[in-house]
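Understanding the architecture of this molecule
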Amino acid sequence: MREMETLLGKQQILFSDSQATPDVRRMAERAIDTSREAFAQHGSYCDAQRALQHFDEDKESGFHDQQGEVNFFGRGHY
């Protein structure tokens, strides 16, 4: 469970870093969501940790906004 806390903490730091690019922040958000979904399905921290460790961004598909995601990070004009 401690390793899971560490992994999630790292992703949360990336997501919260206002100096990080929007793409980095979105990937962190998606990694966190992946682990949450795994935990919700099985109630297992081990499954959530495995899902987080195996989360791999699909660089070929590019970014597509997903429902519920943060899509504005306060940069530029809207």
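Residues numbered from 1 in each chain as written. Predicted model: local features only at pLDDT ≥ 70, side-chain atom pairs only at ≥ 80, totals over all residues. Heavy atoms only, no water.

Here's the deal with the overall build of the protein
- Within the protein, the secondary structure is distributed over three helices and zero strands.
- Ordered by position in the sequence, the α and β elements of the protein form the string α-α-α.
- The proportion of buried residues among the 78 residues of the protein is 27%.
- A fraction of 61% describes how many contacts in the protein between residues 6 or more apart in sequence connect residues 24 or more apart.
- Carbon and sulfur atoms make up 50% of the accessible area of the protein, which amounts to about 5,900 Å² in all. (Helix = DSSP H or I, 4+ residues; strand = E, 2+ residues; numbered from the N terminus. Buried < 20%, exposed > 50% of the residue type's maximum accessible area, 1.4 Å probe, protein only. Contact = heavy atoms within 4.5 Å. Areas by Shrake-Rupley, 256 points an atom, 1.4 Å probe, with all protein chains shown as cover.)

Description of a nonpolar patch on the surface
- On the surface, a cluster of nonpolar side chains totalling about 310 Å² of accessible area is made up of Met1, Phe39 and Tyr45.
- The residue methionine 1 is located in the segment before helix H1 (2-16) in this model.
- When its relative accessible area of 58% is taken as the criterion, methionine 1 is described as exposed. (Patch = residues over 30% accessible without salt bridge, like charges linked within 9 Å, V, L, I, M, F, W, Y side chains within 5 Å. Salt bridge = Lys/Arg side-chain N within 4 Å of Asp/Glu carboxyl O.)

Some details on the side chain of serine 44
- Considering the arrangement of structural elements, one finds serine 44 in the loop between helix H2 (22-42) and helix H3 (45-54).
- One polar contact links the side chain of serine 44 to the main-chain amide nitrogen of aspartate 47, over a distance of 3.1 Å. (Polar contact = N/O pair within 3.5 Å; in protein donor to acceptor, adjacent residues only side chain to side chain.)

Notes on the pattern of salt bridges
- Under the criterion given, the structure shown has three salt bridges.
- One salt bridge connects arginine 26 with aspartate 23, and the closest N-O pair in it is separated by 3.5 Å. Highlighted residues: arginine 26 and aspartate 23, both in helix H2, separated by three residues, approximately one helical turn.
- Taking relative accessible area as the criterion, aspartate 23 reaches 37% and is therefore assigned partly exposed.
- Where aspartate 47 meets arginine 50, a salt bridge forms, and the shortest distance between an N and an O atom there is 2.4 Å. Highlighted residues: aspartate 47 and arginine 50, both in helix H3, separated by three residues, approximately one helical turn.

In short, the description is geometric, and any link to function would need to be established separately.
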